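Report on the structure
If you want the building blocks of each chain, they are given just below.
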Amino acid sequence: MAFLDDDRAYVDQLVVEYYGDRLSALSPERLAALHALFGEVMWHEGIEALTPQRLNTLLEFTEEELSHAA
C-alpha cells in the first residue's frame, strides 16, 4: 500500500506514542519494519486492532523476521 507523506507522519507519531521508550533499543531496520507493520494493521484493521498484546506481537514478529533474514 502506498502511503502519503501525511499518512506516514501520522503512523510515525502513533508508533512513538504507543511504544515510547521501547523504540530506543531497536535497530534502524527493525524500527522501519515495525513502522510498516503498524501502518498496515492500522489502515487495514483499524486502530482498535492495536491492542497492547498486538503491539507486543508486532515487536516480536519484527525481531523474528529480521533474525531469519540475516
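Since the structure is predicted, the reported quantities are computational estimates derived from the model, not experimental observations. (Residues numbered from 1 in each chain as written. Predicted model: local features only at pLDDT ≥ 70, side-chain atom pairs only at ≥ 80, totals over all residues. Heavy atoms only, no water.)

Here we take up the environment of Asp21. Position of Asp21 among the secondary structure elements: in the loop between α1 (5-19) and α2 (28-45). A sequence separation of 18 residues divides Asp21 from Gly39, and the C-alpha atoms of the two residues are 19 Å apart. (Helix = DSSP H or I, 4+ residues; strand = E, 2+ residues; numbered from the N terminus.)

With 15 residues, α1 extends 21 Å from end C-alpha to end C-alpha; this agrees with the ideal 21 Å at 1.5 Å per step. Those residues of α1 lying buried are Val11, Leu14, Val15 and Tyr19. Taken around the axis of α1, the buried residues stretch over an arc of 105 degrees, which confines them to a single face. Projecting away from the buried face of α1 at angles above 90 degrees are the exposed residues Asp5, Asp6 and Glu17. Of the residues trailing α1, Gly20 is marked for its positive phi of about 55 degrees. (Expected span 1.5 Å × (residues − 1). Buried < 20%, exposed > 50% of the residue type's maximum accessible area, 1.4 Å probe, protein only. Arc of directions from axis to C-beta.)

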